[in-house]
Amino acid sequence: MKSSGFLCGIVLCLELLYLVPAEPQPEPLQCSLIAGASALPVLQRTGDVKLGGLFSLHDMVLEADLSFTSKPVSTHCSRFNLRTYRWMQTMLFAIDEINRNDHLLPNITLGYKIYDSCSASFHALRASMELMGGVEEGWERSCRGMVPVVIGDGSSTLSVAVARFLGVFHVPQVSYFSSSSSLSNKAEFPSFLRTIPSDMFQVNALVQLIQHFGWTWVGVVVGDDTYLLEGAQIFSEEVQKVSVCMALHEIIPRNHTAGAMASIVARIRSSGSRVVLVFALEHDTVALFDEVLQQGLIGGSLGFAIRRLVHLPGLQEFLLHLNPLNPDTPKDPFLPIFWEEVFGCSLQGAQGGSVPGFKPLCTGSEKLENVRNIFSDVSQLRVTYNVYKAVYAVAHALQAIKNCEKGRGTFPLQNCPDTDSLQPWQLLQYLKHVEFFNLYGDEIKFDKNGDPAAVYDLLNWQLGANGQVEFVTVGTYDESLGTKKLHIQEEDIIWNRNQTTIPVSVCSNSCPPGTRKAHRPHFPVCCFDCVVCTAGEISNQTDATECVRCLPEFWSNEGRTACNHKEVDFLSYGDIMGITLLTVALLGSLCTATVILIFACHCATPIVRANNSELSFLLLFSLALCFLCSLTFIGRPSEWSCMLRHTAFGITFVLCISCVLGKTLVVLMAFRATLPGTNSIKWFRPPQQRAIITLCTLAQVVICSVWLAVAPPTPRRLTTHESDLAILVCDEGSALCFSLVLGYIGLLASLCLLLAFLARKLPDNFNEARLITCSMLIFCAVWVAFVPAYISSPGKYSTATEVFAILASSYGLLACLFLPKCYIILLRPEKNTRTHLMAKSVPDNRF
């Protein structure tokens, strides 16, 4: 292999230099290449400072089979690339423009030395070695003549190989198209710089683009290349940080077999993703898109591109001026190949033209103005502009060195470089700190990693009126703009089938407000189900991960999107329970009023006058109050109604029980007074009865007064997370006082029950003690059952329980004490006589 022989020659040269003794020699040692290493074609021009250049003018290298029995033949580069040739000519154009500029590098002429790297790492490395001092025809055969800077190469793969080699010599390398993020590692590539942003910035731009359109289910198709795979991997890692999932990850095979390409497109279709990111070289992308079109999987295309320069004055004229048949054209070993490629003719015998085959001889009338191709197309100056900026960056670094004032340099002791013997490492230091604005308003500088400011154009592929694909700029991405780096004109984007509606690419549709995302087991995080929030919880945003529980006094609306104040519930006059209790209470009051009316109409009869008719009317009045006080428990609780209901209840019931107690004492004492020597009846006459009732009632009044003074009942909302209602009830305030009120009523009722029980067997045709005993049994049974029922009843039902106890005990007293009397008055008037009432009856031992 000739390339291997060349490498051995260089190594041998270095070793010989190292082994030379340090004694004076008559003349410097001459070193040469090992025989068999053919010289590479080179385009060069002399100058005060010569710039090296590496361009992949051919897309592939044809290698002969190695038999290892004879000298290998030279490798042959094929598939000439017109676009890369334009990039190379742009370098010549920029150098020519600088040499004609009287303000930039005056009295210094730039030269160049350019090689074809043939898109192969070993070719690029061999060309780099030539730039570091290889043998040149007509030059001194020595290991001298290295260039101080290299412009190139375009491919990241080639630049990695070249940068590792040039870094050893501290020779600055400025690439125009190598975007691999690994090249930002200054520990590995200390002398590498570039005018194209790192892939890391493009990954950030792609991530923001996906976030902007809300795509969460995307596929990745990548070419089988180390740095493409690396870029795709970085993209996958970064995009997953913003909750975007990979629908598929496919690799385009290098041989582009029909079956493999069809399989990739089939998996794209079955993935359900409507957005696919393609990380591939041009030929891989073309193969993929051809298969996509064949299977009818048509869609719109977006992509980030290097910032475009609209117009570079003089470039197109410079390009079209090329002609290998023109004697004024500089000697260019690549120009004949270019000419034959463009016009399909042979330049046999004209400046090294190719061997004639099936191509006709060129006539000399061919003109580039008459041909439209990618070489002469200067409408998309992107990489071309990067080459232009790279040359000007070197020129400005040289200008800074030239303008350096002694004592103000950047090197130790503030020394300045010697422009007559400029060293590459000196130029590297100035190149790292170069900073200027060019004629087109763009700032040229490098960061600490040797990268420029990342500025991209967002392009949309659109079909023009002439049927040709046009690249329309629909947005920009500028890394230097802070938080808002991506700007998109969505109305200018044409999507699938000339639609302007943004495509939706999600594994699961967004969960609307009122629902939350529930992850599907064994699926990526982007695949989920939408679950309706439970009652009492809400979500007021799209794609909520959790539902938020409302505060205790709030409840979720029907759509589970907002918390509203809970509906206040209480024992009102409008609900069925309130109406029922109200009706029963009014009916009890009406019955009591009826009894009062009957007693008033028959007040002179013995049964009414018996046992102090005054107590009977007072008892009936207190019963009427008991029925009416239950009405205070119905309706919206307020401070006054809460205080009134409990105090009214306590006082009226004590008044009622006191009257019953008075009647019981009168019955008991009346029969005891008939015994000889007994005069106790004088202590239970009407004045004494009124005093007993007054004292008993006054005690309850005192208890209620203390209750209202210390901790009065107040309205209170009862709220729970499980209910959509806020129950408005009256809080007792002081549980002790409430217990005392009920306990005092219970004490009086128990005393009445005891006395009535003792008087139950007294002889009388109308023994009222039996009725009192029965009424007190009912009264005590109701209030004993009330206590556990009240404690266990929730909300307004506890109030209803209390009202029911009041009404039940009131009806018990009314029915047991007065119904028999009304029966006699109305239906058995013959028994309503003094004789009948005074007649003795035989006691019933069963009771």
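Scroll up for the structure.
Residues numbered from 1 in each chain as written. Predicted model: local features only at pLDDT ≥ 70, side-chain atom pairs only at ≥ 80, totals over all residues. Heavy atoms only, no water.

## Digging into the overall build of the protein chain
In step 1: Helix and strand content of the protein chain: 21 helices and 26 strands.
In step 2: For the protein chain, buried positions account for 47% of its 847 residues.
In step 3: A fraction of 68% describes how many contacts in the protein chain between residues 6 or more apart in sequence connect residues 24 or more apart.
In step 4: By element, 59% of the accessible surface of the protein chain is carried by carbon and sulfur atoms, the whole surface being about 42100 Å². (Helix = DSSP H or I, 4+ residues; strand = E, 2+ residues; numbered from the N terminus. Buried < 20%, exposed > 50% of the residue type's maximum accessible area, 1.4 Å probe, protein only. Contact = heavy atoms within 4.5 Å. Areas by Shrake-Rupley, 256 points an atom, 1.4 Å probe, with all protein chains shown as cover.)

## Brief notes about the state of the cysteines
In step 1: Counted by the stated rule, this structure contains 9 disulfides.
In step 2: Between the sulfur of Cys77 and that of Cys118 lies a disulfide, 1.9 Å long from S to S. Where Cys77 bonds to Cys118 through sulfur, the torsion about that S-S bond is close to 100°, and the disulfide is right-handed. One end of the pair, Cys77, is in strand β4 (residues 76-80); the other, Cys118, is in the loop between β5 (110-116) and α3 (121-131), with 41 residues separating them in the sequence.
In step 3: Cys659 takes part in no disulfide bond, and the closest cysteine sulfur to it belongs to Cys656, at a distance of 6.7 Å.
In step 4: A disulfide-free cysteine, Cys752 has its sulfur positioned 8.5 Å from the sulfur of Cys696, the nearest such atom.
In step 5: Judged by relative accessible area, Cys752 falls into the buried class, the value being 0%. (Disulfide = S-S within 2.5 Å.)

## A few points about the sheet that holds strand β12 (residues 302-306)
In step 1: An order of β12-β15-β16-β17 is seen for the 4 strands of this open sheet, with the pairing classed as antiparallel. A strand with exactly one partner marks an edge of an open sheet, and here the two such strands are β12 and β17 (486-488). Going from strand to strand, the sheet's axes swing by 35° on average, the running direction of each strand aside.
In step 2: Summarising the sheet, strand β15 (residues 455-463) and strand β16 (residues 469-478) pair through 9 bridges and their orientation is antiparallel. Looking at β16, one finds that Asn460 is bridged to Val472.
In step 3: Packing of helix α5 (residues 199-213) onto the sheet brings it into contact with β12, β15, β16 and β17, and relative to β17 it is tilted by some 50°. (Pairing = 2+ DSSP bridges. Axes fitted to C-alpha atoms, helices over the stretch in contact; angles between N-to-C directions.)

## A short note on unusual backbone geometry
In step 1: With an omega of -5°, the peptide bond running from Gly152 to Asp153 counts as cis.
In step 2: Looking at the element boundaries, Asp153 is found in the loop between β6 (150-151) and α4 (156-168).
In step 3: Even without glycine at this site, Cys118 takes up a positive phi of about 55°.
In step 4: With a phi angle near 65°, Ser243 is a residue other than glycine that sits in the positive phi range.
In step 5: You can see Ser243 is positioned in the loop between α6 (226-240) and β10 (245-252).

## Remarks on α3
In step 1: Summarising burial for α3: 8 of the 11 residues are buried, a large majority.
In step 2: Positive phi appears at Gly133, one or two residues downstream of α3, with a value of about 130°.

## Concerning the pattern of salt bridges
In step 1: Applying the stated criterion across every chain, the model contains 15 salt bridges.
In step 2: For the salt bridge of Glu250 with Arg267, the shortest nitrogen-to-oxygen distance reads 2.7 Å. Of this pair, Glu250 sits in strand β10 while Arg267 sits in helix α7 (residues 258-271), and the two are 17 residues apart along the sequence.
In step 3: A salt bridge links Glu537 to Arg549, with the nearest nitrogen and oxygen atoms 3.5 Å apart. With Glu537 in strand β20 (residues 537-538) and Arg549 in strand β21 (residues 548-549), this residue pair connects regions lying 12 residues apart in the sequence.
In step 4: Judged by relative accessible area, Glu537 falls into the buried class, the value being 17%. (Salt bridge = Lys/Arg side-chain N within 4 Å of Asp/Glu carboxyl O.)

## Re the pairing of β16
In step 1: Counted between consecutive antiparallel strands, the loop separating β15 from β16 contains 5 residues, among which Gly467 sits at a positive phi close to 85°.
In step 2: Across 3 bridges, β16 lies against β17 in antiparallel orientation. Considered in β17, the bridge of Tyr477 is made with Leu486.

## Looking at the sheet that holds strand β9 (residues 217-223)
In step 1: Taken in spatial order, the 3 strands make up an open sheet running β10-β9-β11, and their pairing is parallel. Every other strand in the sheet has two partners, leaving β10 and β11 (275-279) as the edge strands with one partner each. Strand after strand, the sheet turns through a mean of 20° between neighbouring axes, direction not considered.
In step 2: Relative to β10, β9 runs parallel, the two sharing 7 bridges. Note that in β10 the partner of Val222 across the bridge is Ile251.
In step 3: Here α7 sits on the sheet and contacts β9, β10 and β11; the angle it forms with β10, its principal contact strand, is near 175°.

## Re the side chain of Thr195
In step 1: Mapped onto the elements, Thr195 comes out in the loop between β8 (192-194) and α5.
In step 2: Within polar-contact distance, the side chain of Thr195 engages the backbone oxygen of Asn386 at 3.0 Å.
In step 3: If sequence neighbours within four positions are ignored, Thr195 has contacts with Val174, Ser175, Tyr176, Asn386, Lys389, Ala390, Phe446 and Pro452. (Polar contact = N/O pair within 3.5 Å; in protein donor to acceptor, adjacent residues only side chain to side chain.)

## A short note on the environment of Thr714
In step 1: Among the structural elements, Thr714 can be located in strand β25 (residues 714-718).
In step 2: Put simply, Thr714 and Ser641 are 73 residues apart on the chain and 8.7 Å apart in space, counted from C-alpha to C-alpha.

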